[in-house]
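Structural description and commentary
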Amino acid sequence: MPLKTLVIRAFRILAIAEAISWAALLAGMYFKWIAGTTELGVQVAGPIHGALFVGYGVAALALWRLQRWPFAVALFAGVSAVFPFATILFERWAGKRGYLSGASAREDEPAVEASRV
């Protein structure tokens, strides 16, 4: 499997997992701060969410390079990780616009490829 395809697949999985971990972390924060019953949810979901957040960021940076995303697209990918569930919205948005396809999202890429043949 080509590296680009692997990173795109990892990015899509991480976008969903990061959003799910947000839900777990928010539930943990409810039980810790509002219900005042336990810190276990935060203790478990916090590190998991942190790891997925970092993984998502690394995958986004890799796709910025591999897919030659414009800076604004990479910035939106990063900002989406800060807000709960926004990584899913970004993943859908980017997918519909071709930023998560196997081919580069740049319009001039086919001409570059044709010149290499």
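The structure reproduced in this document is the subject of the present report. (Residues numbered from 1 in each chain as written. Predicted model: local features only at pLDDT ≥ 70, side-chain atom pairs only at ≥ 80, totals over all residues. Heavy atoms only, no water.)

For the rest of this paragraph, the subject is the packing of aromatic side chains. Considering all chains together, one arrives at nine aromatic pairs under this definition. Note on Phe11 and Trp69: the rings are 5.9 Å apart at their centroids and 80 degrees apart in plane angle, and the pair reads as edge-to-face. Separated by 58 residues along the polypeptide, Phe11 in helix 1 (residues 3-34) and Trp69 in the loop between helix 2 (40-66) and helix 3 (71-80) bring together distant segments of the chain. By relative accessible area, which is 0% here, Phe11 ends up buried. (Phe/Tyr/Trp six-rings, centres within 6.5 Å; stacked < 30°, edge-to-face > 60°. Helix = DSSP H or I, 4+ residues; strand = E, 2+ residues; numbered from the N terminus. Buried < 20%, exposed > 50% of the residue type's maximum accessible area, 1.4 Å probe, protein only.)

Before going further, it helps to spend a moment on the environment of Val44. Within the fold, Val44 resides in helix 2. Each C-alpha atom, one on Val44 and one on Ala24, is 8.9 Å from the other, the two residues being 20 residues apart in sequence.

Our next topic: the nonpolar core. Within the largest apolar cluster, 19 residues are counted, with the highest numbers of intra-cluster contacts made by Phe11, Tyr56, Leu63, Trp69, Ala77, Phe90 and Leu100. When contributions to this core are tallied by element, the ones reaching two or more residues are helix 1, helix 2, helix 3 and helix 4 (86-96). With residues up to four places along the chain from it excluded, the contact list for Tyr56 reads Phe11, Leu14, Ala15, Ala77, Ser80, Ala81, Thr87 and Phe90. (Core = buried A, V, L, I, M, F, W, Y, C linked by side-chain atoms within 4.5 Å. Contact = heavy atoms within 4.5 Å.)

The next point concerns the pattern of salt bridges. For the coordinates displayed, the defined rule picks out one salt bridge. Its salt-bridge partner being Arg12, residue Glu91 comes within 2.3 Å of it at the nearest N-O pair. Taken together, the positions of Glu91 in helix 4 and Arg12 in helix 1 put the pair 79 residues apart, joining distant regions of the chain. Using a relative accessible area of 9% as the deciding quantity, one classes Glu91 as buried. (Salt bridge = Lys/Arg side-chain N within 4 Å of Asp/Glu carboxyl O.)

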